[in-house]
Amino acid sequence: MNLTIDDANRVRTLTFNRPDALNAFNEALYDETTKALRAAAEDPEVAVVLLTGAGRAFSAGNDLVEMQSRITNPAFTPGEHGFYGMLDALTTFPKPLICAVNGVGVGIGATILGYADLAFMASTARLKCPFTSLGVAPEAASSYLMPRLIGRQNAAWLLMSSEWISAQEALDMGLVWRVCEPDELLAEARRHAEILAAKPISSLMAVKQTMVAPIRDAIVAATEREKALFVELVGQAANVDALAAFSDRKGG
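What counts, and where the lines are drawn
Residues numbered from 1 in each chain as written. Predicted model: local features only at pLDDT ≥ 70, side-chain atom pairs only at ≥ 80, totals over all residues. Heavy atoms only, no water. 1 Å grid on protein atoms, 1.4 Å probe; cavity = no way out; pocket = protein on both sides within 12 Å on 5 of 7 lines; lining within 4 Å. Points joined across faces, edges and corners; volume = space filled by probe spheres on them. Helix = DSSP H or I, 4+ residues; strand = E, 2+ residues; numbered from the N terminus. Nonpolar A, V, L, I, M, F, W, Y, C, P; charged D, E, K, R; others polar. Axes fitted to C-alpha atoms, helices over the stretch in contact; angles between N-to-C directions. Parallel < 35°, antiparallel > 145°, perpendicular 65-115°, else oblique. Left-handed = near helix turned anticlockwise from the far one by under 90°. Contact = heavy atoms within 4.5 Å. Core = buried A, V, L, I, M, F, W, Y, C linked by side-chain atoms within 4.5 Å. Buried < 20%, exposed > 50% of the residue type's maximum accessible area, 1.4 Å probe, protein only.

(A) Main features of empty space enclosed by the protein. One pass over the full model with this rule turns up one cavity of 30 Å³ or more. In terms of lining residues, the largest cavity is bounded by D6, D7, A8, V11, T13, R190, A193 and E194. Counting residues per element, the ones that place at least two in the lining of the largest cavity are β1 (3-8), β2 (11-16) and α8 (185-197). Its residues assigned to classes, the lining of the largest cavity comprises three nonpolar, one polar and four charged.

(B) Molecular detail of the packing of helix α5 (residues 142-150) against helix α6 (residues 152-161). As a packed pair, α5 and α6 sit with axes 7 Å apart at the nearest point and diverge in direction by 135°. When the axis of α5 is compared with that of α6, the two are oblique. For the pair α5 and α6, the sense of crossing is right-handed. Where α5 approaches α6, its residues S142, S143, M146, P147 and I150 are matched on the opposing element by R152, N154, A155, L158 and L159.

(C) Highlighting the nonpolar core. By size, the foremost hydrophobic cluster in this structure holds 75 residues, and its most contacted members are I108, I112, L113, Y115, L127 and L175. Contact partners of Y115, with chain neighbours within four places excluded, come to L87, L90, T91, L97, A140, A141, L145, K208 and I219.

(D) Structural context of the layout of surface pockets. For the second largest pocket, the calculated volume is near 450 Å³. At the level of elements, α3 (82-91), β7 (118-122), α5 and α9 (201-233) are the ones that each hand at least two residues to the lining of the second largest pocket. The element best represented in the lining of the second largest pocket is α9, accounting for five residues. Classifying every residue of the lining of the second largest pocket by side-chain character gives 15 nonpolar, three polar and three charged.

None of this, on its own, says anything about what the molecule does.
Pasting the structure below:
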């Protein structure tokens, strides 16, 4: 099971559960997360969804071993929904979405925060968007959502530098809403989730709809722009070299 699902007090907690791979997203995890978000959207007993990770990572982003296989193996079989299916589920998710970043968040493990209504982060956690170090374009509409969320210059640094961002820096930027001690993170995120979940779901959904409706088309457009650039850059020299270096490190 790549994703565990737990319900309590109208809060559904989805936990990325590939701790040995630092919860990196393979096709199976993209598919399971997509299905879980869509099921939660439809479930009248679920008011709020809380996303977190098992073990010491939130998510290490794309599974680079699988990413290299996708590029080099003609027989690679993509998942039913994949990365873009999950983005669609996030973009259209009609209820409050809370992220509890328990450990490292890399790539989609950081850019997913652009879809969160509230984000909590452990004081020991760190975030990184390694797009330039991998020779690729941004993803998950981060080129649109991040400047809007944290301002142009913070977004430029996050998306261009491939440097780590500490929890305090994330808080100062406005990338997360609260920083907590690691052993208090989930309890604090759940406490706030349950405050929201006690409210009428129809009202929560109305607030979310009116907040997201003006930007939904822009999110979709940004995703398409990024996808075109990603396709252009994947497999080019800088990307091939970066993935080969990663594989060498894994093998060594």
